[in-house]
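Inside the fold
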Amino acid sequence: MKYRVHEIARMTGLESEVIIDHLRDVGEFVRSSASGVEDVVAVKVLEFFGAAGSEPKAQALPAPKPISFTPPTMYTWEANPVPEPRKQEVLDRITALERRFPAAAEHRRMLKGLGSQFVFAKTFRASDGKTLGLALARFSGAIEAAFGITREVMFFYTPYRDLQIRSFTWAKDALASLSRDATPDLVLFHSPDERLTIKLEDWSRLAFTAIPLASGLDPDPISLVRLIRDHVYARDLFYETTPVRGERFFGRKTLLQELRDDVTNQRVSGLFGLRKSGKTSILLQLSELIDSNSSIPVFVDLEVLPSPPSDPTLPLIVEIAARLRAELEKRGIPTHELAPLEADPGIPALKSALQKLLTRLDDAGIKVTLMLDEIEFLTPGDQIDTAEGEFSGVAQVLGILRSMVQSTENFTFLLSGLTNEILENGRLYGRPNPLFSWAKARYIGPFAHSEASELATAVGSRMGIEIEAGALDALYDASGGHAYLYRNLASAVVGDLPVATYRRIMRTSDVLHRLIPWKRSIAGNLDEILGHLERYYPTEAILLEILAESPTEFQSLASTEDKAVHHLISLGLIHESSGQFTSSTLLELR
């Protein structure tokens, strides 16, 4: 059954033009007030303008049988319903939960009205002796599709009238400890605390959203849908300011496998890329992949070291020992071999301590992988020549790490940073570079188009956003697949999408509409990213200027600057096709 635009307008009390504009915004093709839309669409429009709960006037409907706007809404969300659980054990657990928390019974009734069910429940004692409870809900196919929910969702119940953050932490711990495959970053949280909503808004983060099930929740099942909508749509999971890992990490499968193979086969490699290309995230994700009782990753952030001209040798030894000690003691492994380094953090003491420690760990079948991130803090900036200098201790420490790899079978290390000079320069601070032509350089370039599209589709679905193929192309074309810029642009577009709707679609026009203001907003980021290129890759930076001004001259120079051209291609700054070179999108954005 179809309804005409002017009829919907009459039901809402609005002008037909307002309804037409809204229908076009949500992707419906309507020409005039006489155009018709399906009844499901009509119901959504009425909901959007707050008219779905009112009984429509019979004369406003074109068909003899007037529609009831509550039942059609219900059937919409009931699509692909979940069967009610039959196992007596599950039913008994749900009953026990509802006996302890009557609100759970009300929530189960609302879920049933939406074609959804509690499929698991339990109660348990908290450390303060109070009884808490949780249930796992499986939503109908319609709700799952609308909000990108693909797993069970936890409902968490507490009795506290003055909710403390420890209860919030208990919910996260309970979710993480479940053996079932529940949604890891979303929970519906019940408490009789009158300030529940305010507290959860304060404690929730992008990586973990808690939706308040306040005591005064409207008993209409649709209110549960609205509650989920308001919180899921409020999230912007594209926006990231810190390194990501686990559920939030995406892509780079081939590179991760190569690094994992390097660790397994005791090979040393260096991971290099532009600023904000995701180097630290890759190291942290690799740490999670290799971490086990017999394999211990030790992550060392060299950003804590003083930059040259201060000698970073002793702080480097202290930091390596501290991080190594922390990781081992966290697993209950003694670290007495490292004790002498506290009194004498010298190079000979480091070698002696590592030899003794690794020998004992080898006997216990334990391997150690040292990850040195932000390696540029060991190598010079634009004012120091790595081939000269006074900080020979840096080369000596790296030499010790190399000798540990060669003399043991349970140790290796990785480097990560902006510059690859530490692997390519024959001398380091006036000494032979122990890593020269020994470790393998791996580069982080832009995402492949398919990889970026997969990322956007997956992240978008978790916010209930469908992204059209044209929008995916536009996101990639505009950002060049650079990890940070791609997410940043997607985040900017998401910020413009409507939230007072039940179907969010990112279209090509949405991306194009946002493009110009987005380019202005990232000008500073681009200056920072490319400024570091000029500092650590000066020859390459000059070549890029030549490419911009005279492609023909660049073409002639490319045959004599093989190393620099290789860097530019590996970093994703230029493309080569049939012997011809072109600038990447990243450079064109500047």
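Since we're looking at a predicted model, the values are computed, not measured. (Residues numbered from 1 in each chain as written. Predicted model: local features only at pLDDT ≥ 70, side-chain atom pairs only at ≥ 80, totals over all residues. Heavy atoms only, no water.)

To continue, consider the overall build of the chain. Looking only at helices and strands, the chain features 26 helices and 18 strands. Considered along the principal axes of its C-alpha atoms, the chain spans approximately 90 × 70 × 35 Å. By the burial criterion, 53% of the 590 residues in the chain qualify as buried. Of the roughly 26,800 Å² of accessible surface on the chain, a fraction of 50% belongs to carbon and sulfur atoms. Counting 64 positive and 78 negative side-chain charges, the chain places the centres of these two groups 7 Å from one another. (Helix = DSSP H or I, 4+ residues; strand = E, 2+ residues; numbered from the N terminus. Buried < 20%, exposed > 50% of the residue type's maximum accessible area, 1.4 Å probe, protein only. Areas by Shrake-Rupley, 256 points an atom, 1.4 Å probe, with all protein chains shown as cover. Lys, Arg positive; Asp, Glu negative; His and termini not counted. Charge placed at Lys NZ, Arg CZ, Asp CG, Glu CD.)

Take the pairing of strand S4 (residues 131-138) next. Where burial is concerned, most of S4 is hidden: 7 out of the 8 residues are buried. Inspection of the sheet shows strand S3 (residues 117-125) paired to S4 by 8 bridges, in the antiparallel sense. Of the residues in S4, the one forming a bridge with Lys122 is Leu134. What sits between the antiparallel neighbours S3 and S4 is a turn of 5 residues, in which Gly129 has the positive phi angle 90°. (Pairing = 2+ DSSP bridges.)

Moving on, we come to the environment of Thr408. Relative to the helices and strands, Thr408 is located in the loop between helix H16 (392-407) and strand S11 (411-417). For the pair formed by Thr408 and Ser491, sequence separation is 83 residues and the distance between their alpha carbons is 47 Å. Among the polar contacts made by the side chain of Thr408, one reaches the main-chain carbonyl oxygen of Met404 at a distance of 2.6 Å. (Polar contact = N/O pair within 3.5 Å; in protein donor to acceptor, adjacent residues only side chain to side chain.)

Turning our attention to the packing of aromatic side chains. If you walk through the whole model with that rule in mind, you get 13 aromatic pairs. Centroid distance Phe124 to Phe156: 6.3 Å. Interplanar angle 50°. Geometry classified as tilted. With Phe124 in strand S3 and Phe156 in strand S5 (residues 152-157), this residue pair connects regions lying 32 residues apart in the sequence. For the ring pair Tyr160 and Trp170, a centre distance of 6.4 Å and an interplane angle of 45° mean the geometry is tilted. (Phe/Tyr/Trp six-rings, centres within 6.5 Å; stacked < 30°, edge-to-face > 60°.)

Now for helix H25 (residues 562-570). Looking at H25, one finds that the buried residues are Ala564, Val565, His567, Leu568 and Ser570. Of the residues one or two after H25, Gly572 is the one with positive phi, at around 80°.

Take the packing of helix H5 (residues 88-100) against helix H6 (residues 102-113) next. Helix-helix packing is described using two parameters, namely the angle between the two axes and the distance between the axes. At a minimum axis distance of 4 Å, the contact between H5 and H6 shows a crossing angle of 125°. As far as their axial angle goes, H6 and H5 are oblique. Here H5 contributes Ile94, Leu97, Glu98, Arg99 and Arg100 to the contact with H6, which in turn contributes Pro102, Ala104, Ala105 and Arg108. Partitioning the contact of H5 with H6 into residue classes produces 5 nonpolar, no polar and 4 charged. (Axes fitted to C-alpha atoms, helices over the stretch in contact; angles between N-to-C directions. Parallel < 35°, antiparallel > 145°, perpendicular 65-115°, else oblique. Contact = heavy atoms within 4.5 Å. Nonpolar A, V, L, I, M, F, W, Y, C, P; charged D, E, K, R; others polar.)

This part takes up the environment of Gly445. As for its placement among the helices and strands, Gly445 is situated in the loop between strand S14 (440-444) and helix H18 (449-462). Note: C-alpha distance between Gly445 and Leu188 (257 residues apart in sequence) is 39 Å. Excluding anything up to four places from it in sequence, Gly445 contacts Arg252, Ser570 and Leu571.

Glancing now at unusual backbone geometry. We note that Glu374 has phi near 60°; this positive angle belongs to a residue other than glycine. One can find Glu374 in the loop between strand S10 (367-373) and H16. Take Glu374: its relative accessible area is 18%, and that puts it in the buried class. Of note in the backbone geometry, Ser437 takes a positive phi value of approximately 55° without being a glycine. Take Ser437: it is sitting in the loop between strand S13 (431-432) and S14.

It is worth spelling out the sheet that holds S11 at this point. Taken together, 5 strands build an open sheet; the order of strands is S9-S10-S11-S8-S14 and the sheet is parallel. Every interior strand has two partners, whereas the edge strands, strand S9 (295-301) and S14, have only one. Along the sheet, successive strands turn relative to each other by an average axial angle of 20°, direction set aside. Of the strands in this sheet, strand S8 (269-273), S10, S11 and S14 are in contact with helix H11 (residues 253-264), which crosses S14 at around 155°. This element, helix H13 (residues 313-330), spans S9 and S10 of the sheet and lies at about 140° to S9.

Turning to the side chain of Arg229, a few remarks are in order. Tracing the backbone through its elements, the reader meets Arg229 in helix H10 (residues 221-232). Non-local contacts of Arg229, meaning those with residues more than four positions away in its chain, are made with Phe147, Ala234, Val499, Ala500, Thr501 and Tyr502.

Put simply, the chain has an average pLDDT of 86, and 92% of its residues get 70 or more. Throughout residues 52-74 the model reports pLDDT below 50, and contacts reaching past four residues in sequence, or to other chains, amount to 35 contacts. (pLDDT = per-residue confidence, 0-100.)

With that out of the way, let us pick up the sheet that holds S3. Pairing between the strands of a sheet is mediated by backbone hydrogen bonds and can be parallel or antiparallel. As summarised here, the arrangement of the 5 strands in space is S3-S4-S5-S6-S7, forming an open sheet in which the pairing is mixed. Two strands in the sheet have a free side with no partner beyond their single neighbour: S3 and strand S7 (209-213). Going across the sheet, the axis of each strand differs from the next one's by a mean of 25°, ignoring polarity. Sitting on the sheet, H6 touches S3, S4, S5, strand S6 (182-190) and S7, and the angle it makes with S3 is about 165°. Against the sheet, helix H8 (residues 165-177) contacts S3, S4, S5, S6 and S7, and its axis sits at roughly 145° relative to S6.

This paragraph deals with the side chain of Thr313. Note that Thr313 resides in helix H13. A polar contact is formed between the side chain of Thr313 and the backbone nitrogen of Val394, at a distance of 3.4 Å. Setting aside chain neighbours within four positions, we find Thr313 in contact with Ile347, Gly393, Val394 and Val397.

What follows is about H16. In this model, H16 (16 residues) spans 22 Å end to end at C-alpha, consistent with the 22 Å of a helix rising 1.5 Å per residue. Within the span of H16, buried status applies to Gly393, Val394, Ala395, Val397, Leu398, Ile400, Leu401, Met404 and Val405. (Expected span 1.5 Å × (residues − 1).)

Let us look at the pattern of salt bridges. Within the structure shown, the criterion is met by 26 salt bridges. The salt bridge partner of Arg93 is Glu89, with a shortest N-O separation of 3.6 Å. Here the residue Arg93 and the residue Glu89 both occupy positions in helix H5, the gap between them amounting to 4 residues, near one helical turn. On the basis of relative accessibility, which here comes to 35%, the residue Arg93 falls in the partly exposed class. Classification of Glu89 by relative accessible area gives exposed; the value is 54%. Arg442 is the salt-bridge partner of Asp262, the closest N and O atoms lying 3.0 Å from each other. You can see Asp262 sitting in helix H11 and its partner Arg442 sitting in strand S14, a full 180 residues away along the chain. For the residue pair Asp262 and Arg442, the accessibility class agrees, reading buried in each case. It is possible to trace a salt-bridge network through shared partners that takes in Asp291, Arg323, Glu327, Lys330 and Arg331. (Salt bridge = Lys/Arg side-chain N within 4 Å of Asp/Glu carboxyl O.)

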